[in-house]
Amino acid sequence: MARAERGPNGPARRAESGIGMSGTAAVGFDPLAEGFAASPYEQYEQLRDHDPVHRSELLQGWVVTRFEDVGRLLRDTSVSSDIHHATPNPLTIMELELLTEQPRASRTVVLMDDPDHARIRSLMAEPFRPREIEQLRERVTTRIDRAIDRLREQHGGGRAEIDLVGEFAYPLPVEIFSEMLGMPEEDSPRFRYWAQCVARMVDPIMSTAEREECTRGLDDMYAYLEEQVDRKRAHPNDDLLSALVHAEIDGERLSHEDLLAQLVTLYLAGHEPTASLIGAGTLALIREPDQLAHLRQDRDLLRNALSELLRFDGPNHFVRRITTRPTVVGNTDLPGGAVIYASPASANRDPRRWGDDADHVRVDRSDASQHLQFGAGVHACLGSHLARLQAEIAFTAILDRLAHLELAGTPDWGNRMFIRGLTALPIACSIRDRVA
Ligand code: HEM
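These lines cover the structure that appears in this document, whether it is placed above or below. (Residues numbered from 1 in each chain as written. Predicted model: local features only at pLDDT ≥ 70, side-chain atom pairs only at ≥ 80, totals over all residues. Heavy atoms only, no water.)

**Side note on the pattern of salt bridges**
All chains considered together, the criterion is met by 35 salt bridges. The residue glutamate 57 makes a salt bridge to arginine 55 at a minimum N-O spacing of 3.2 Å. Here glutamate 57 falls in the partly exposed class, since its relative accessible area comes to 41%. Glutamate 248 is paired through a salt bridge with arginine 253; the nearest N and O atoms lie 3.1 Å apart. Among the residues examined, glutamate 248 registers a relative accessible area of 47% and is labelled partly exposed. Where salt bridges share partners, they join Glu288, Glu308, Arg311, Asp357, Arg362 and Arg365 into one cluster. (Salt bridge = Lys/Arg side-chain N within 4 Å of Asp/Glu carboxyl O. Buried < 20%, exposed > 50% of the residue type's maximum accessible area, 1.4 Å probe, protein only.)

**Brief notes about the site of the ligand**
The environment of the ligand is made up of 27 residues, and the closest members are His117, Arg121, Arg321, His379 and Cys381. In the environment of the ligand, a nitrogen atom lies 3.4 Å from a nitrogen or oxygen atom belonging to the backbone of alanine 269. At a separation of 2.7 Å, an oxygen atom of the ligand approaches a polar side-chain atom of arginine 321. Those elements giving two or more residues to the shell around the ligand turn out to be α4 (116-125), α12 (256-287), β9 (319-323) and α17 (384-401). If you tally residues by element for the shell around the ligand, the top one is α12, at six residues. Class assignment for the residues of the shell around the ligand results in 17 nonpolar, eight polar and two charged. (Near = heavy atom within 4 Å. Polar contact = N/O pair within 3.5 Å; in protein donor to acceptor, adjacent residues only side chain to side chain. Helix = DSSP H or I, 4+ residues; strand = E, 2+ residues; numbered from the N terminus. Nonpolar A, V, L, I, M, F, W, Y, C, P; charged D, E, K, R; others polar.)

**A look at the state of the cysteines**
On inspection of all chains with the given rule, the structure shows zero disulfides. Here cysteine 214 stays free of any disulfide, with the sulfur of cysteine 197 as its closest cysteine sulfur at 4.5 Å. Looking at cysteine 214, the relative accessible area reads 6%, which means it is buried. (Disulfide = S-S within 2.5 Å.)

**Considering the layout of surface pockets**
In this model, the largest pocket occupies a volume close to 510 Å³. Around the largest pocket sit 20 residues that line it, and Pro127, Asp238, Asp239, Leu240 and Ala243 are the ones nearest its centre. Contributions of two or more residues to the lining of the largest pocket are made by α4, α5 (130-134), α8 (171-181), α11 (240-246) and β7 (248-249). Considering every element that reaches the lining of the largest pocket, the biggest residue donor is α11, with three residues. Broken down by class, the residue content of the lining of the largest pocket amounts to ten nonpolar, three polar and seven charged. (1 Å grid on protein atoms, 1.4 Å probe; cavity = no way out; pocket = protein on both sides within 12 Å on 5 of 7 lines; lining within 4 Å. Points joined across faces, edges and corners; volume = space filled by probe spheres on them.)

**Here we look at the environment of tryptophan 354**
Here tryptophan 354 is to be found in helix α16 (residues 351-354). Looking at tryptophan 354, the relative accessible area reads 6%, which means it is buried. In this structure the C-alpha to C-alpha distance between tryptophan 354 and glutamate 226, which are 128 residues apart in sequence, comes to 46 Å. Of note is the side chain of tryptophan 354, whose polar atom sits 3.3 Å from the backbone oxygen of asparagine 348.

**As for the side chain of histidine 371**
Structurally, histidine 371 is set in the loop between α16 and α17. A relative accessible area of 7% places histidine 371 in the buried class. Excluding anything up to four places from it in sequence, histidine 371 contacts Ser307, Leu310, Arg311, Asn348 and Trp354. (Contact = heavy atoms within 4.5 Å.)

**Topic: the coordination of the iron atom of the ligand**
From the protein, the iron atom of the ligand takes a single donor atom, Cys381 (SG), 2.3 Å away. Structurally, cysteine 381 can be placed in the loop between α16 and α17. (Donors = N, O, S within 2.8 Å, 3.2 Å for Na, K, Ca; no water.)

**Things to note about helix α13 (residues 289-297)**
All buried positions along α13 are accounted for by Gln291, Leu292 and Leu295. Looking straight down α13, one finds its buried side chains confined to an arc of 100°; they lie on one side. Set apart from the buried face of α13 by more than 90 degrees, the exposed residues are Pro289 and Gln297. Taken together, the buried residues of α13 touch α12, α14 (302-313), α17 and β13 (402-407). (Arc of directions from axis to C-beta.)

If you want it as structure tokens, here you go:
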């Protein structure tokens, strides 16, 4: 994907002061600013209020932040996910060059338009349907219980300080997904590293050194997956990878190249955001103790609370779209070929949609499930049921077994802009034994 360069000691270019084409007020969008990673919401608020369709010179595109505009864009079938439709600029040219070097990357469903997108998506959809995902409940519960058992063994049953992200939330989704796929258990740590590389590659802003490291990681990941695919072709069994290798609709199958591209996509799509939901959701509850108490008292609220935690601080900060013809967004006329960065995270805090308490967690918010964290339209998240299942079981374990939760240090938000997530969450708690 396209990238602006970040110098080794900080941003090589400052973001614009930003005069919006649509508005009178001048506000900036500066994802490289101090504090942005820890809290981008102040900048989003400024943009929503003063320049909701903001021209960003840094990103060479338009940053869209209001709920109504983001929702409409995601559902607009005339806008494309394919960068080839963009009017050339230095960033899109760089991205197209990278895609030429890594042609597989452009075969991901995420960057395709219909009808190719619909064909590939339907070939991979079946294992992600609610009924199929529900069948994983017991396996996921066992894995999560074991993860908390391990924490208790390491830290004891008294007051303990743990990094909830590093020691629990981050390893979990990749282990669960590798088990679903039928990957050898001992290779999970390699996948964790590779998934990080892929997540970083999605960001438009990264240094040359980071890009080279991530590209090497991605090459290794492809080589490894290729071996596994060959293995499943020769010896299929009842795991997800065998199902994808042999998936067939009307005589059509995923080609070898398409399959590899979707596997990398699934690791990326499935890992980082799910880990982020568990980490950021726990942090949000610690910071709003009355809401944590409310949820502990009324566990029937859990599913709704998960929607609310996704709304409040979900991982997806931007999805990119390209106009294929002149398009009006909000009150702004955009030409065909315009690159748009639509922000589900900002939309989910828009008081025009959510009211004056948009910046607070309300575990019983009645319309929380209307959030845009899983996207909308034809590209809406394929793995939302899997993500919800994992999060439901993980939060059940946190509520049942991590008592007296408190923050024990400063949360570390890393430096990703598109899929934002905690890289460390130091907490203090008492780790209980399993509930009988
Ligand atoms: C909390 C966790 C998750 C969040 C917030 C999330 C969010 C999203 C969003 C916003 C999109 C739309 C991207 C776009 O419109 O360009 C998306 C697409 C996708 N997600 Fe998720 N996701 C999550 C977990 C998962 C999981 C667990 C999987 C599967 C293992 C998954 C698989 C996918 C796939 C394959 C797509 C592409 C769909 C398409 O382009 O048609 N996601 N996700």
